[in-house]
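This is what each chain is made of:
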Amino acid sequence: MQKKSSYPEFSPSLYEEKWLKNWEKSQLFNRKTYLQKNVNSDNKKYLLFAFAYPSGSGLHVGHVLSKTALDILARYYRSIGKKVFFPVGWDAFGLPAENYAIKTGIHPAITTKKAIDTFRQQVKRIGISYDWSTEIATSHPNYYKWTQWFFLELYKKGLAYKKEAPVNWCPSCKTVLANEQVINGLCERCDSEVIQKNMSQWFFKITHYVEELISGLDEIDWYDFAKKQQLNWIGKSEGVEISFKILNKYITPKTLKVFTTRPDTIYGVTFMAVSPEHPLVKKILKSKNIPKNVKQHISKYVTKSLKKSEEQRKISKEKTGVFSGLYVENPINKEKIPIWIADYVLYGYGTGAIMAVPAHDERDYLFAKKYNLPVKYVVKPLNSNLDTEKPFESAGISINSPLIENLKTKQAIKYIAKYLTKKGIGKIKTTYKLRDWLVSRQRYWGTPIPIVYDPKGNPHPVKKEHLPWLLPEDVDFKPTGESPLKSSKEFKERTEKLYGKGWRPEYDTMDTFVDSSWYFMRYTDPYNDKKFASKTQLNKWMPIDLYIIGPEHIVLHLLYSRFFTKFARDLGYLNINEPVKKIRHQGMILGPDHKKMSKSKGNTINPDIVVKKYGADTLRIYEMFMGPFESDKPWDDRSVQGVYRFLSKVWRLYHTSELNSRTITSKELLFALSDVVSNINYGLERLSFNTIVASMMSFVNLWGKNINSLSYKDSVVFLKSLSFFAPFISEEIYRGVLKGSKSIHSIPFDVNYKVDSFERSVVIPIQVNGKVRGSLDILESKLESLNETEIIKLAQSKVKKYLEGSRILKTVYVPNKIVNFVV
Ligand code: ANZ
């Protein structure tokens, strides 16, 4: 190729859209065109990004980060012969579209479709090589038909059931909220105070798989802190259930059961506490033997507590309660202990009642201090003095405890547990914090629960031939505290027509977390209208090899997805236990002010504007270069420009260098290039994108210093490396300047580049009068072509300084070893 003095200006907008169209037309990344055969667990790569909610505000820079990261991997894996599955879809049901509809009256289906269209166009524009043939949206009847099918299968197996339950209720959004939607007792969306309300709700019995949800974590390559968070949520505790005799002959039952993980502290119990929902409280309120004023007190307290959300009760530093008027007997020492009603005791955990040991439990301590109850220390530290100004919660040595005096906590627990079990008042028990999954939502824009009620109010499954059980369109979105579906005439008429007069449909829709708990399975076979996915496709692509999600999904989304996978396995569809092999989380991109981006702070960056100004390649490389993928990092406009300059240099070098087969790549550049290749080979799987970009930049800087030192072949190796990160410019140069006959994205990447073609060089020291004064550093191939005279001449020029003004008396050359001049 001839060196050119003038070359076309670097202007990404002139070619980026052109290549998009070209790739789309040739279906370059479509799974159907070339990936169907010979897929096995060794050669397949299922890459997944947590599918986006298509919000009205469009793609943000955070989406670009994770999508680009996976795209780079997808391009790399394809180029080394892997069968890549890289699907795309939309988590399209959800509250924002519905809230927008409430405000504007525009149907959520319309806003959602529009948002998806915008997202799709934006994602395509940044060159994400998705397999668009698999695109799905959870709000599409072809999708939610199978969400409903899953519901019915769960129902059939007794894993979906209905029960009356206290729920978090936001009085302003007029909806039930999941625990994680309650932040410090306030609604995540509108900051109103959340209250508790009893409602009849549908649940999925996720606790059925609780042990597997714990043990399965061992199979996943995931951060320890994330696994710990999920384990904490599941909250397995081994302890003892102890029965305390109630000292009141008019009250049944005769005993109060508590769950404790510290039976060794039983000598330190100074009060008992039951949750306001505990059945004993109802008994007390009904009892004629408890004074009226005590009951009034209790009743007032209970009403107030029940309005609080569970979260509020858990975190509040102020512990409150009322005395119940009852006592129990401590089975270990026959002490009379008062029973209190306190809302820091939760009804859904353990037995909903506790033996309180203020000396060794902080919550009990705060309560005891507030109500002047005794604090009795029964454990002391192993190696330090007991501080009686605060609770001592750690393990230590038992004191003031006759049966276990001087025993270490672990032994003491064992001893007491055994003792109580023998006496028939204790039982070893395992409890879990995990509750069944409440899936009912009193909202419109979600999957209708496929249940109908007969005139007596008994639930029946919607017949499978009536699926998809369509979401009615004629509804009034305005929240009334009831499900919006209740306002649909069509829905009611449809139900009566199909099931009989007086029948009614279930008006609740499902939590959108249900939609997203199985979408990765649907991806494998998105157009199947006989099954949610065929066993063949499922077992061909599952499990997901790499899943990138935001850290906000560590607990629930992954727990629910794991639950659905186990259920699909038990239905006989899958041969695996866990849906994902490896999970990673992207860091957050902060605003230029180092703060979390938010519209109200005015520090958001619109990726469209960056693309328009600098092109998609610059945006992609910049985001990969900002810092470690998994860390939070601020946006910096100057670095964006730096990346743009890097790409324009690439452009100039390819247009102005003599890239021909005669050029031998200089040693320096070979080093730099092999650095790029090995960084890709070792760094990509570790998501070390920024170090790869840095090595590409140093390669280009070196090249710029000596532009005619790169061979055509090696220039392709570099361009191919760059193509994973910057697919547009590399295609334009490959097809335009390097005259490649096919897409750069379909040529292979030489992972062995370093080993195969890296040339060794030979270093020959040069001595003057026996002293080393310099050295020759020559590539092996070049050395072969030089004769002795030429080598001596080169050596002479290297040590010119030391030879000046003298005459060379003798020259000794030991081939490839040393040159010695005697002067
Ligand atoms: C006596 C005791 C003494 C306790 C002590 C702790 C320390 P984890 O480990 O989280 O499972 N508990 C039991 N049921 C409860 C409920 N429904 N609401 C609130 N607290 C409850 O915690 C188990 C401990 O949490 C139990 O052990 C109980 O307090 C409390 F020095 O019993 B412990």
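Chemist: Could you clarify how one ought to interpret the domain arrangement of the chain in this entry?
Modeler: Bring the parts together and some accessible area is lost; that lost area is often taken as the interface size. In terms of domain boundaries, the chain breaks down into domain 1 (149-205 + 436-513), domain 2 (237-431) and domain 3 (761-822). Here domain 2 and domain 3 have C-alpha centroids that lie 89 Å from each other.

Chemist: So what exactly am I meant to see when it comes to the site of the ligand here?
Modeler: The immediate surroundings of the ligand are formed by 18 residues, with Ser 237, Thr 260, Leu 346, Tyr 349 and Lys 433 found nearest. Within the contact set of the ligand, an oxygen atom lies 3.1 Å away from a backbone nitrogen or oxygen of Thr 261. Within the backbone of Leu 346, a nitrogen or oxygen atom sits 2.6 Å from a nitrogen atom of the ligand. Computed on the free molecule, the ligand has an accessible area of 650 Å², of which 87% lies beneath the protein chains in the complex. A per-class count over the shell around the ligand returns eight nonpolar, six polar and four charged.

Chemist: What am I meant to see in the pairing of strand β13 (residues 321-329) here?
Modeler: Successive residues of a regular strand alternate their side chains across the two faces of the sheet. Both strand β10 (residues 237-246) and β13 contribute to a ladder of two bridges, which runs antiparallel. Across the sheet, the residue bridging to Lys 245 is Glu 329, located in β13. Here six bridges tie β13 to strand β14 (residues 336-342), and the two strands are oriented antiparallel to one another. Note on β14: the bridge partner recorded for Phe 323 is Trp 340. Hairpin remark: β13 followed by β14, antiparallel, with six residues in the connecting loop; positive phi at Lys 334, about 60 degrees.

Chemist: How do you make sense of the side chain of Lys 45 when you look at a structure like this?
Modeler: Looking at the secondary structure, you find Lys 45 in strand β1 (residues 44-49). When sequence neighbours within four positions are dropped, the list of residues in contact with Lys 45 reads Tyr 77, Lys 82, Lys 83, Val 84, Phe 85, Asp 545 and Glu 685.

Chemist: Looking at this structure, how should I read the environment of Glu 496?
Modeler: As for its position among the elements, Glu 496 is in helix α14 (residues 489-499). Residue classification places Glu 496 among the partly exposed residues on the basis of a relative accessible area of 23%. Considering only alpha carbons, one finds Glu 496 and Val 452, 44 residues apart in sequence, at a separation of 9.6 Å. Filtering out sequence-adjacent residues up to four positions away, Glu 496 remains in contact with Lys 501, Gly 502 and Trp 503.

Chemist: Where do I start with the layout of surface pockets in this structure?
Modeler: In this structure, the second largest pocket occupies an estimated 580 Å³ of space. The wall of the second largest pocket is formed by 26 residues, among which Ala 137, Ser 139, His 140, Pro 141 and Asn 142 lie closest to the centre. Mapped by element, the contributors of at least two residues to the lining of the second largest pocket are α5 (108-125), β4 (131-137) and α6 (141-156). Tallying contributions element by element places α5 first for the lining of the second largest pocket, with six residues. Grouping the amino acids of the lining of the second largest pocket by side-chain chemistry returns 15 nonpolar, five polar and six charged.

Chemist: What is the right way to look at a positive patch on the surface in this model?
Modeler: A cluster of basic residues, Lys 410, Lys 414, Lys 418 and Lys 422, forms a positive patch at the surface. Inspection of the secondary structure puts Lys 418 in helix α13 (residues 409-422).

Chemist: I tried to follow unusual backbone geometry on my own but got confused; where do I start?
Modeler: The phi angle of most residues is negative, glycine excepted, and most peptide bonds adopt the trans form. Cis peptide bonds are those with omega within 30 degrees of zero, and the linkage from Thr 252 to Pro 253 qualifies with -5 degrees. Along the chain, Pro 253 falls in the loop between β10 and β11 (255-260). The amide bond that connects Leu 467 to the next residue, Pro 468, takes the cis arrangement and shows omega of -5 degrees. Relative to the elements of secondary structure, Pro 468 occurs in the loop between β22 (459-461) and α14. The phi torsion at Asp 191 lies on the positive side, around 65 degrees, for a residue other than glycine. If you trace the backbone, Asp 191 turns up in the loop between β8 (186-187) and β9 (195-204). Residue classification places Asp 191 among the exposed residues on the basis of a relative accessible area of 55%. Despite not being glycine, Asn 406 shows a phi value in the positive range, around 70 degrees.

Chemist: What is the right way to read the sheet that holds strand β23 (residues 504-505) from this model?
Modeler: Backbone-to-backbone hydrogen bonds join strands into a sheet, with any given pair of strands oriented parallel or antiparallel. Strands sit in the order β22-β21-β23 across an open sheet of three strands; the sheet is antiparallel. Each edge of the open sheet carries a strand with a single partner, namely β22 and β23. Sheet topology note: the strand β21 (residues 451-453)/β22 ladder contains three bridges and is antiparallel. Across the sheet, residue Tyr 453 finds its bridge partner in β22, namely Pro 459.

Chemist: I keep staring at the packing of aromatic side chains and nothing clicks. Help me out?
Modeler: What describes a pair of aromatic rings is the distance from one ring centre to the other and the angle between the planes of the rings. All told, the structure shown has 63 aromatic pairs when counted by the stated rule. Measuring from centroid to centroid gives 4.6 Å for Phe 86 and Tyr 130, while their planes differ by 45 degrees, and the two rings are tilted. In this pair, Phe 86 sits in the loop between β2 (83-85) and β3 (87-90) while Tyr 130 sits in the loop between α5 and β4, placing the two residues 44 residues apart along the sequence. Just as Phe 86 is buried, Tyr 130 falls in that class too. When the centroid spacing of 6.5 Å and the interplanar angle of 40 degrees are considered together, the rings of Phe 204 and Phe 563 count as tilted. Of this pair, Phe 204 sits in strand β9 while Phe 563 sits in helix α18 (residues 556-570); the two residues are 359 residues apart in sequence, bridging distant segments of the chain.

Scoring rules and cut-offs
Residues numbered from 1 in each chain as written. Predicted model: local features only at pLDDT ≥ 70, side-chain atom pairs only at ≥ 80, totals over all residues. Heavy atoms only, no water. Domains from an automatic or database assignment. Near = heavy atom within 4 Å. Polar contact = N/O pair within 3.5 Å; in protein donor to acceptor, adjacent residues only side chain to side chain. Areas by Shrake-Rupley, 256 points an atom, 1.4 Å probe, with all protein chains shown as cover. Nonpolar A, V, L, I, M, F, W, Y, C, P; charged D, E, K, R; others polar. Pairing = 2+ DSSP bridges. Helix = DSSP H or I, 4+ residues; strand = E, 2+ residues; numbered from the N terminus. Contact = heavy atoms within 4.5 Å. Buried < 20%, exposed > 50% of the residue type's maximum accessible area, 1.4 Å probe, protein only. 1 Å grid on protein atoms, 1.4 Å probe; cavity = no way out; pocket = protein on both sides within 12 Å on 5 of 7 lines; lining within 4 Å. Points joined across faces, edges and corners; volume = space filled by probe spheres on them. Patch = residues over 30% accessible without salt bridge, like charges linked within 9 Å, V, L, I, M, F, W, Y side chains within 5 Å. Salt bridge = Lys/Arg side-chain N within 4 Å of Asp/Glu carboxyl O. Lys, Arg positive; Asp, Glu negative; His and termini not counted. Charge placed at Lys NZ, Arg CZ, Asp CG, Glu CD. Phe/Tyr/Trp six-rings, centres within 6.5 Å; stacked < 30°, edge-to-face > 60°.

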